[in-house]
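Single-letter residue listing:
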Amino acid sequence: MPRLVSAAGFTTALGGGTLPADVRRAMDEAASSTYRPDDLQRWASEAIAEATGAEAGWVTTGAEAALTLGAAACIAGTRLADLDRLPDARGAEIVVQRGHRNAYDRAFRSAGATIVEVGYPYHEGVGLTYAWQLEEALGERTVAVGHLACAEHLGLPLEQVCSLASAHDVPVIVDAAAELPPVANLRRFLDAGAALVAFSGGKAIRGPQGSGILAGRRDLIESVRLQTLDMDVDVPGWTAAEGGEPPHHGLGRSMKVGKEQIVGAVVALQAFVRRDHEAEAHEHGRWLETLRPVVAPLGEAEIRRDAFYPRLVLPGLGPRARELAERLAAGSPPVIVPHGPLRRGELVVWPQAISPDDRPVVEAALAALS
């Protein structure tokens, strides 16, 4: 089975990172027993609430699924007929600032919503989003406002978005898939007034690659529960326990989360909160410094610290950057660097997904380029 070394961070296309031992043990234990998924999700909800300050939470099959389920919750609530109709959303709209549009907001359309764009991406003298533009777009069909956390600088700040949306009783859904660490970001978006926040479970949290976490309002998480359950139930028993007839299998049934993923995601989240991420980032930086002499024949390397994790950058390579990346990818095992910087003629090494055992592999691969 071919394996690779990701020098591009916790990237889904490269399988994310390796699972810590405690997460693997927890998943093995879950796999060796039988649990009712609904019971596990209740347990997960309490753990997510404790970590994020939310009223409730849900483990999903990735951040994209969290966004789809969150959008569906805003569209249908707990109204069984509306849940049953999805993705026929009867004209429901989700407002998104134009600077926040991205390939992943397909999640909102997957739930049946129409995306309504407002404003312009910020660029001095060219574009700007004003509060009145967002407020004007909030109408009778608006079920939510979508907000991309990594594009905060391209539009209205989240606090202002939440204030405007709240005045119209409209929830805000934040896509914070890759906004961890720092740990403070688990709470920051909810503290700003967001109703739902989606995180990836398979990136910095270091849970199962196919997991995500949705945190937020209890009523909206209850809608997610109703969408997701296997509804092959005893109807009289369900009715007696739940106080009403059961829904049919919902939109989220195709996003089923296994017991192993639920347990793994929760254990990883709890460990994520306890870890010293500042110390990890500092240690990553120290290792990257040792790579400077290794790559010196290729050019003068920079250690950039404008993101949480530092990265090694070889700038000014032009087309040669892609050639070097291809040589790294042709090694055994392949070492894969991020693709985006290659367009700028930069060769970049992100350290966070490189295990200590694979550091010598990366060092040897870089040395072989000169």
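The structure displayed is predicted, hence computed values, not measured ones. Position numbers for residues count from 1 along each chain, tracking the sequence in the order it is written. Since the coordinates come from a predicted model, pLDDT governs what is reported: local features require at least 70, and pairs of side-chain atoms require 80 or more to be given and counted, while whole-chain, interface and lining totals use all residues. Note that the side-chain values use all heavy atoms of the structure and ignore hydrogens as well as water.

Attention shifts here to the nonpolar core. Across soluble globular proteins, nonpolar side chains show a tendency to be buried alongside one another. For our purposes a nonpolar core is just a set of buried Ala, Val, Leu, Ile, Met, Phe, Trp, Tyr and Cys residues, chained together by side-chain atoms within 4.5 Å. Per-residue accessibility, obtained with a 1.4 Å probe over protein chains only, is compared with the maximum for each type, and a residue is labelled buried under 20%, exposed over 50%, and partly exposed between these values. Core analysis: the biggest nonpolar cluster contains 56 residues, and Val 145 and Val 174 have the highest contact counts within it. When residues of this core are assigned to their parent elements, the largest contribution, eight residues, is made by helix H11 (residues 259-274). In this analysis, two residues are considered to be in contact whenever any of their non-hydrogen atoms come within 4.5 Å of each other. Once you skip the residues sitting within four places of it in the chain, Val 174 turns out to touch Leu 67, His 147, Ala 149, Leu 158, Phe 189, Ala 194, Leu 196, Val 197 and Ala 198. Ala 65, Leu 86, Ala 89 and Val 143 belong to the second-largest nonpolar core, a separate cluster that totals 39 residues. Per the convention used, a helix needs a DSSP run of H or I reaching at least four residues, while a strand needs a run of E reaching at least two, with both numbered from the N terminus.

Turning our eyes to something else, we now look at the pairing of strand E8 (residues 212-216). A regular strand carries its side chains on alternate faces of the sheet. Where burial is concerned, most of E8 is hidden: five out of the five residues are buried. Whether two strands pair comes down to DSSP finding at least two bridges between them. Both strand E2 (residues 56-60) and E8 contribute to a ladder of five bridges, which runs antiparallel. Its bridge partner being in E8, Gly 57 is matched across the sheet by Ala 215. Two strands pair when backbone bridges link them, and strand E7 (residues 196-200) and E8 are joined in this way by five bridges, in the antiparallel orientation. Across the sheet, residue Phe 199 finds its bridge partner in E8, namely Ile 213.

Structurally, the position occupied by Ser 45 is in helix H2 (residues 37-52). N or O atoms closer than or at 3.5 Å make up a polar contact, with two conditions inside protein: a donor-capable atom paired with an acceptor-capable one, and, for residues adjacent in sequence, both atoms drawn from side chains. A distance of 3.0 Å separates a polar side-chain atom of Ser 45 from the backbone nitrogen of Gly 57. With sequence-adjacent residues up to four places away left out, Ser 45 is seen in contact with Ala 56 and Gly 57.

Attention shifts here to the pattern of salt bridges. Only one rule defines a salt bridge in this text: a Lys or Arg side-chain nitrogen within 4 Å of an Asp or Glu carboxyl oxygen. This model, assessed by the stated rule, comprises 24 salt bridges. Between Glu 289 and Arg 292 there is a salt bridge, and its shortest N-O distance comes to 2.7 Å. Taken as a pair, Glu 289 and Arg 292 lie in helix H12 (residues 277-295) at a separation of three residues, close to a single helical turn. In this structure Glu 289 comes out as partly exposed when scored by relative accessible area, which is 34%.

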